[in-house]
Amino acid sequence: MTTQPAPAQPGWFTRERYGTPAAVGVSALAFLGLLIFAGYTLFEGSHMMSNHCFDATDQIVCPIDGPDWIRPVPGWAVLLGLLAGLAGSAVGRPLRRPGLIAGFVWVTVALILIWVFG
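As annotated in an unreviewed UniProt entry, the protein carries the name Vitamin K epoxide reductase family protein and comes from Actinoplanes campanulatus.

(A) Structural view of the layout of surface pockets. The volume enclosed by the largest pocket comes to roughly 160 Å³. What lines the largest pocket is Ala-23, Val-26, Ser-27, Ala-30, Arg-93, Arg-96, Arg-97, Leu-100, Ile-101 and Phe-104. Listing elements by their share of the lining of the largest pocket, those giving two or more residues are α2 (21-44) and α5 (93-117). It is α5 that contributes the most residues to the lining of the largest pocket, six residues altogether.

(B) Summary view of α5. Taking 1.5 Å of rise per residue, 25 residues should cover 36 Å, and α5 covers 37 Å from first to last C-alpha, within 8% of that figure. Those residues of α5 that fall on the buried side of the exposure criterion are Arg-96, Gly-99, Leu-100, Gly-103, Val-107, Ala-110, Leu-111, Leu-113 and Ile-114. Contacts made by the buried residues of α5 are with α1 (15-18), α2, α3 (46-49) and α4 (73-91).

(C) Quick look at the packing of aromatic side chains. Scanning all chains against the criterion turns up one aromatic pair. Taking the centre distance of 6.2 Å and the plane angle of 20 degrees together, the rings of Phe-37 and Phe-104 count as stacked. Taken together, the residues span a long stretch of sequence, with Phe-37 in helix α2 and Phe-104 in helix α5 at a distance of 67 residues. With a relative accessible area of 30%, Phe-104 lands in the partly exposed category.

(D) Here's a closer look at the packing of α2 against α5. Relative orientation of the contacting elements α2 and α5 amounts to 15 degrees, with a least axis distance of 10 Å. It follows that α2 is roughly parallel to α5 by the angle criterion. Seen from above, α2 lies across α5 with left-handed handedness. Along the contact surface, α2 presents Ala-23, Val-24, Ser-27, Ala-30, Phe-31, Gly-33, Leu-34, Phe-37, Ala-38, Tyr-40, Thr-41 and Glu-44, while α5 presents Arg-96, Leu-100, Gly-103, Phe-104, Val-107, Thr-108, Ala-110, Leu-111, Ile-114 and Trp-115. Among the residues making up the contact of α2 with α5, the classes are represented as 15 nonpolar, five polar and two charged.

How each quantity is defined
Residues numbered from 1 in each chain as written. Predicted model: local features only at pLDDT ≥ 70, side-chain atom pairs only at ≥ 80, totals over all residues. Heavy atoms only, no water. 1 Å grid on protein atoms, 1.4 Å probe; cavity = no way out; pocket = protein on both sides within 12 Å on 5 of 7 lines; lining within 4 Å. Points joined across faces, edges and corners; volume = space filled by probe spheres on them. Helix = DSSP H or I, 4+ residues; strand = E, 2+ residues; numbered from the N terminus. Expected span 1.5 Å × (residues − 1). Buried < 20%, exposed > 50% of the residue type's maximum accessible area, 1.4 Å probe, protein only. Contact = heavy atoms within 4.5 Å. Phe/Tyr/Trp six-rings, centres within 6.5 Å; stacked < 30°, edge-to-face > 60°. Axes fitted to C-alpha atoms, helices over the stretch in contact; angles between N-to-C directions. Parallel < 35°, antiparallel > 145°, perpendicular 65-115°, else oblique. Left-handed = near helix turned anticlockwise from the far one by under 90°. Nonpolar A, V, L, I, M, F, W, Y, C, P; charged D, E, K, R; others polar.

Given below as structure tokens:
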């Protein structure tokens, strides 16, 4: 008498949820690109989010003289972008691409705000 093997229990990381290993790798690279872009954006806006002047390479950089409400907005936009990209990557195929796109859009909005108001 032959016994049939028990059907495999669906795990948390399945092909149906995340796709092929190549698709997972591409989304991981896209999220890495989002992290690098977010780091660059925060570096570009550091003078805008600071409360004090600082001296770097014999150049004094001070916070903006514009409206105070704009100062934390780039940081929050970058945070929302990273969370959207991470959530989209964690959920899997149905929301991976829209989550990563939303993440890049939020970080781009933060960079534009830095360029306009900074």
